[in-house]
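Close look at the chain arrangement
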Amino acid sequence: MLASQPNPPPLPTFHLQHYRRFPPPVRSPHSFRTPPPPPSHPHSTTLPDQDNDGASITENSTLRTHNSRSTALLLRHLSAQDQEDPHGQNIQGHLPLLKQDREKLLEISLRSKRTPQFPGSIYVDSSSPLVQSVFTGGNSNLDQDEDEVDDEMLVKALEIRRKVTAEIFKEAMRKGKFGITYCENLVSRIPEFIDYVMIKAVSMKKLPEFSRSSYNVRARVFIDESEVVSLIRWLKHNSLSYPQIGKLICASRGNLYSIRALAEWLKSIHVKGRFIGVALTRAGGNVLERSLEELDEIVEYLESNGVRRDWMGYVVSRCPEILSFSMEELKSRAEFYLSMGMDKNDFGTMLFDCPKVLGYLSMEEMNQKVNIPSSDFYPQCYAYLKDFGLNNEDVGRLLAFKPQLMACSIEDRWRPLVKYFYYLGISRDGMRRILTMKPMVFCVDLENTIVPKVQFLRDIGVQEDAIGSVLARFPSLLTYSLYKKIRPVVIFLLTKAGVSQQEFGKVIALGPELVGCSIANKLDHNVKYFLSLGITLPVLGKMISDFPMLLRYNIDILRPKYRYLRRTMIRPLQDLIEFPRFFSYSLEERIIPRHKIMVENRINFKLRYMLASTDEEFDMRVKEAVERRRRFESGVTYQPPSDSQNDDSTKTSSFYQMPDIAVENT
């Protein structure tokens, strides 16, 4: 009964595909490699396979699994070989080709090296029928979007080719002993030069010797012939950073030899170190296109106008924009300053102090800061230099002394500052004094530098109406550090010099110059000297309150005056305490001559009336005192003089009846 049954039909193909997950391979030159079948299990059963020459698959065997993309790629590859028309021609499959698949195949076709493979991976060669069919238009399903796809694929091809060129350039740099990180950073800075290499490599295809060479070979040859790697090494040796090198290479527009020539020229005018890169990158794009003769002409003109040769490197490194000027523009800028009465030496010194004044500003801005007057000074507060009553010569001397004024912004610095000074009660003459004595005040920040110091003056007791006069009298106060200079001096005067808090505002208002004195070299020495004379600390504080300049004199000047007061004039210490301004008068020109007159006439005055008067007033006071003494000696009734200052009534002294002794003591 069993023998009479017909042979069972073969297993359908879909059952086999259910077990194997992919169609049977076809042996062809472009077939994909498949892993060998796993060993059979002793208890496993095999199924016949019609398409694999009797091969069998076990039920428990682990079969290879493909994802949807690899399966679609495999089916497309095999469809060209499994399906043939009666005439023996291949029929392309009708499976859709995804956009990302086309981009992947394009990248494979332009790839410079084969991607490393692992066992069982799928690799498509650029010469395979699948890749060729994508770019020859063999798939008829994509003809309807041919124009759009071609544009996108061209852009994608260009991006891939640029990546390939960048990799070739990195490889050339690595051969030049550059690190991987440095190569990556530099190549990211030179996209224009990478495109230039790509264009040149493509154009080399027209040359007979490179007609059969690949793109990679042509790109390597061009990079080697341009000597860009050696140029990068030379620039790096001259302290140029990779951003500067990248900027220079892109600005050269392929003329790499101009970079080395300009760098060598900068060395010849004493530009050194990292400033070579600063000068090359900031000089402007056209400086690489200028000849060395034009640059030498600029240097010779500056030398003829007071800029020394050894200063030239400093000037060019701080203001490399000078190299991009034409001779006409350079002469017009120089004449702007020379026309103010500034001589060549002052011009050269000004340019050395602040090279930006020649190349940083435009001619319009330079004229605006100097020549444009304002119609009404106080309501509008337009702070131009000539608004302060300065003529051309004064402006020239001012700019020669402090050229940084030209680099300050009118809108951001000058106008707000002048408005603030006007609010503090500083007149135009006071502003002119500040401008001429300390022009740097007009270059500092108002909110962060000047306003806190003015508020500090208020906090220590300076009257509101006296702040303006303090600033006009001592403008340097606005340039000192509040925490490193001003506050330490204030603390010293309060704690070490005996000045009371109630009198401190008066001290600063009368002598703001104390703030500029050094504590260690000036204030502390003077305080110790006065204490050594027997003056107590509270008394010294009152003396400083009456005469704050007492602490500003050198001890070498104080000591002879004190010795003459005590030994020759034989005056008590109390006279010095009552009149500390005694130290402010000249010993040879005021103190000694007037003391001799008093000794000769046998009269005596307090120090205040002896010194704090003009010569005419002193002579009149001497005559009146002599007349009163004569009347007293003759017994004539005393008549008070008309002088209201007779509270210091004259009196005779037995000492002054012996002038010879006084002269000998002198």
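The protein goes by Transcription termination factor MT, chloroplastic in an unreviewed UniProt entry, where it is assigned to Sesamum radiatum. For the protein, the Sequence similarities (unreviewed entry) comment in UniProt is given as "Belongs to the mTERF family."

As enumerated under the stated definition, the model contains 21 salt bridges in all. Notably, a salt bridge pairs Asp 195 with Arg 162, separated by 2.7 Å at the nearest N-O pair. With Asp 195 in helix α7 (residues 191–203) and Arg 162 in helix α5 (residues 146–175), this pair connects stretches of sequence that are 33 residues apart. Among the salt bridges present, the one from Arg 220 reaches Glu 171, with a minimum N-O distance of 3.7 Å. Taken together, the residues span a long stretch of sequence, with Arg 220 in helix α8 (residues 215–226) and Glu 171 in helix α5 at a distance of 49 residues. The exposure class of Arg 220 is partly exposed, given its relative accessible area of 29%. What emerges from the salt-bridge pattern is a single network uniting Glu 167, Lys 170 and Glu 184.

Attention now moves to the side chain of Arg 290. Along the polypeptide, Arg 290 turns up in the loop between α12 (275–282) and α13 (292–304). Judged by relative accessible area, Arg 290 falls into the buried class, the value being 16%. At a separation of 2.7 Å, a polar atom in the side chain of Arg 290 contacts the main-chain carbonyl oxygen of Leu 323. The residues touching Arg 290, leaving out its near neighbours within four places in the chain, are Ile 298, Leu 323, Ser 324, Phe 325 and Ser 326.

One can describe the packing of helix α22 (residues 428–437) onto helix α24 (residues 464–473) by two numbers: an axis separation of 8 Å at closest approach and a directional angle of 35°. Between α22 and α24, the contacting residues are Gly 430, Arg 433 and Ile 434 on the first element and Leu 471, Ala 472 and Arg 473 on the second. For the contact of α22 with α24, the residue count by class is three nonpolar, one polar and two charged.

Okay, unusual backbone geometry next. Outside of glycine, negative phi angles account for most residues, and trans bonds account for most peptide bonds. Backbone geometry at Ile 570 places phi at a positive 50°, although glycine is not the residue there. Looking at the element boundaries, Ile 570 is found in the loop between α29 (555–568) and α30 (573–578). A positive phi angle, close to 50°, is found at Arg 602, a residue other than glycine. Its place among the elements puts Arg 602 in the loop between α31 (587–600) and α32 (607–611). Residue Arg 602 is classed as partly exposed on the basis of its relative accessible area of 29%.

Once that is clear, we can look at α22. The set of residues buried in α22 consists of Gly 430, Met 431, Ile 434 and Leu 435. The buried side chains of α22 occupy one side of the element, clustering within an arc of 140° when seen end-on.

Counting across every chain of the model gives 18 aromatic pairs. On the basis of an interplanar angle of 80° and a centroid distance of 6.3 Å, the ring pair of Phe 421 and Phe 442 is categorised as edge-to-face. Here Phe 421 is found in helix α21 (residues 410–423), whereas its partner Phe 442 is found in the loop between α22 and α23 (446–459), with 21 residues between them in sequence. Like Phe 421, the residue Phe 442 is buried in the burial classification. With centroids separated by 6.2 Å and ring planes inclined at 25°, the aromatic side chains of Phe 547 and Tyr 553 adopt a geometry described as stacked. Ring pairs connect the aromatic residues Phe 169, Phe 193, Tyr 196 and Phe 222, which therefore count as one cluster. Of note, Arg 161 hangs over the ring of Tyr 215, and the distance from its end group to the ring centre comes to 4.3 Å. Above the ring of Phe 275, the side-chain terminus of Arg 318 is found at 4.2 Å from the ring centroid.

Conventions and cut-offs
- Residues numbered from 1 in each chain as written.
- Predicted model: local features only at pLDDT ≥ 70, side-chain atom pairs only at ≥ 80, totals over all residues.
- Heavy atoms only, no water.
- UniProt positions renumbered as here; feature names shortened; annotations may be inferred.
- Salt bridge = Lys/Arg side-chain N within 4 Å of Asp/Glu carboxyl O.
- Helix = DSSP H or I, 4+ residues; strand = E, 2+ residues; numbered from the N terminus.
- Buried < 20%, exposed > 50% of the residue type's maximum accessible area, 1.4 Å probe, protein only.
- Polar contact = N/O pair within 3.5 Å; in protein donor to acceptor, adjacent residues only side chain to side chain.
- Contact = heavy atoms within 4.5 Å.
- Axes fitted to C-alpha atoms, helices over the stretch in contact; angles between N-to-C directions.
- Nonpolar A, V, L, I, M, F, W, Y, C, P; charged D, E, K, R; others polar.
- Arc of directions from axis to C-beta.
- Phe/Tyr/Trp six-rings, centres within 6.5 Å; stacked < 30°, edge-to-face > 60°.
- Lys NZ or Arg CZ within 6 Å of the ring centre and 35° of its normal.

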